[in-house]
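Architecture at a glance
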Amino acid sequence: MVSLFGVMAAYALTAVLTRPIVELVEVTKAVASGDLKRKAPTWAKDEIGQLSEAFNVMTENLERSRTELQEKEEMRAHLLAKVITAQEEERKRIARELHDETSQLLTSLMVGLKVAGDAPSLDEAKTRAAELRDLAAGALDAVHDLALLDQPPAHAMS
């Protein structure tokens, strides 16, 4: 009977001594799978209790870091969306400007060609043709300038 009592006492003592370790292992596994809300219970102020407290501080720091990282990622996504919107608006503005200027210049060329075709003398037709060449060169420069505005900055390419 005494030996049965001794075995039972030894079993109870082993369970009491190993329970904090078993629970710490379970919490460790939960944290490893991503559950940073789980906390290790502190049974005593011994080494296991100190380990549990240190583990809880570590998981709190990890949770705080995770939250900060999520906030930064949300901010980055928001800023990226703003940049993309600004780029799209700038492209629309350039396209509108390109269309308007090009249409106006081509209309001027058409009218100028009509006037040059109706010129009473060859000299006047040559003068109009020179003016139209200048107008066409200006149109080409304007289109070129607008096309350069739509290029990414040089430092972004490197």
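Whatever comes next refers back to the structure up there.
Predicted model, so just to flag it, every value in this text is computed and none were measured. (Residues numbered from 1 in each chain as written. Predicted model: local features only at pLDDT ≥ 70, side-chain atom pairs only at ≥ 80, totals over all residues. Heavy atoms only, no water.)

Quick look at the overall build of the protein
Helix and strand counts for the protein stand at four helices and zero strands. Start at the N end of the protein and walk to the C end: the helices and strands fall as α-α-α-α. Computed over its C-alpha atoms, the radius of gyration of the protein comes to 40 Å, more than 25% above the 15 Å expected for a compact globule of 158 residues. Principal-axis analysis of the C-alpha atoms places the extent of the protein at approximately 135 × 25 × 20 Å. Considering the protein as a whole, with its 158 residues, one finds that 15% of them fall into the buried category. Contacts in the protein between residues at least 24 apart in sequence constitute 49% of all its contacts with a sequence separation of at least 6. (Helix = DSSP H or I, 4+ residues; strand = E, 2+ residues; numbered from the N terminus. Rg over C-alpha atoms; globule rule 2.2 N^0.38 Å. Buried < 20%, exposed > 50% of the residue type's maximum accessible area, 1.4 Å probe, protein only. Contact = heavy atoms within 4.5 Å.)

A look at helix α1 (residues 2-32)
Look at α1: 44 Å from first C-alpha to last across 31 residues, which is about the 45 Å you get at 1.5 Å a residue. Turning to α1, its buried residues are Pro-20, Glu-23, Leu-24, Val-27, Ala-30 and Val-31. The first or second residue beyond α1 is Gly-34, which carries a positive phi of 110°. (Expected span 1.5 Å × (residues − 1).)

Here's the deal with the environment of Val-27
Relative to the helices and strands, Val-27 is located in helix α1. With relative accessibility at 2%, the residue Val-27 sits in the buried group. Remark: the alpha-carbon pair of Val-27 and Lys-39, spanning twelve residues in sequence, is separated by 6.6 Å. Not counting residues up to four positions away in its chain, the partners in contact with Val-27 are Arg-38, Lys-39, Ala-40, Pro-41 and Phe-55.

Quick look at the pattern of salt bridges
Under the counting rule described, the total for this entry stands at ten salt bridges. Close ionic contact of Lys-37 with Glu-63 constitutes a salt bridge, the shortest N to O distance being 3.6 Å. With Lys-37 in the loop between α1 and α2 (47-117) and Glu-63 in helix α2, the pair connects residues that are 26 residues apart, well separated along the chain. Residue classification places Glu-63 among the buried positions, given a relative accessible area of 18%. Glu-89 is the partner of Lys-92 in a salt bridge, and the nearest nitrogen-oxygen pair spans 3.8 Å. Note that Lys-92 and Glu-89 are positioned in helix α2 at a spacing of three residues, about one turn of the helix. By relative accessible area, Glu-89 is classed as partly exposed at 45%. One continuous salt-bridge network, built from bridges that share partners, spans Lys-37, Glu-63 and Arg-66. (Salt bridge = Lys/Arg side-chain N within 4 Å of Asp/Glu carboxyl O.)

Quick notes on the nonpolar core
Core analysis: the largest hydrophobic core is formed by six residues, namely Leu-24, Val-27, Val-31, Leu-36, Ala-40 and Phe-55. Counting residues per element, this core draws most heavily on α1, at three residues. Filtering out sequence-adjacent residues up to four positions away, Ala-40 remains in contact with Leu-24, Val-27, Ser-52, Phe-55 and Asn-56. (Core = buried A, V, L, I, M, F, W, Y, C linked by side-chain atoms within 4.5 Å.)

Brief notes about the environment of Ala-86
Residue position: Ala-86 is located in helix α2. For the pair formed by Ala-86 and Glu-73, sequence separation is 13 residues and the distance between their alpha carbons is 20 Å.

Focus: the packing of α1 against α2
The interhelical angle for the contact between α1 and α2, taken along N-to-C directions, is 15°, at an axis separation of 11 Å. Between α1 and α2, the interaxial angle falls into the category roughly parallel. As for how α1 packs across α2, the hand of that crossing is left-handed. In contact with Pro-20, Ile-21, Leu-24, Val-27, Thr-28 and Val-31 of α1, α2 contributes Ile-48, Leu-51, Ser-52, Phe-55 and Thr-59. Within the contact of α1 with α2, the residues separate by chemical class into eight nonpolar, three polar and no charged. (Axes fitted to C-alpha atoms, helices over the stretch in contact; angles between N-to-C directions. Parallel < 35°, antiparallel > 145°, perpendicular 65-115°, else oblique. Left-handed = near helix turned anticlockwise from the far one by under 90°. Nonpolar A, V, L, I, M, F, W, Y, C, P; charged D, E, K, R; others polar.)

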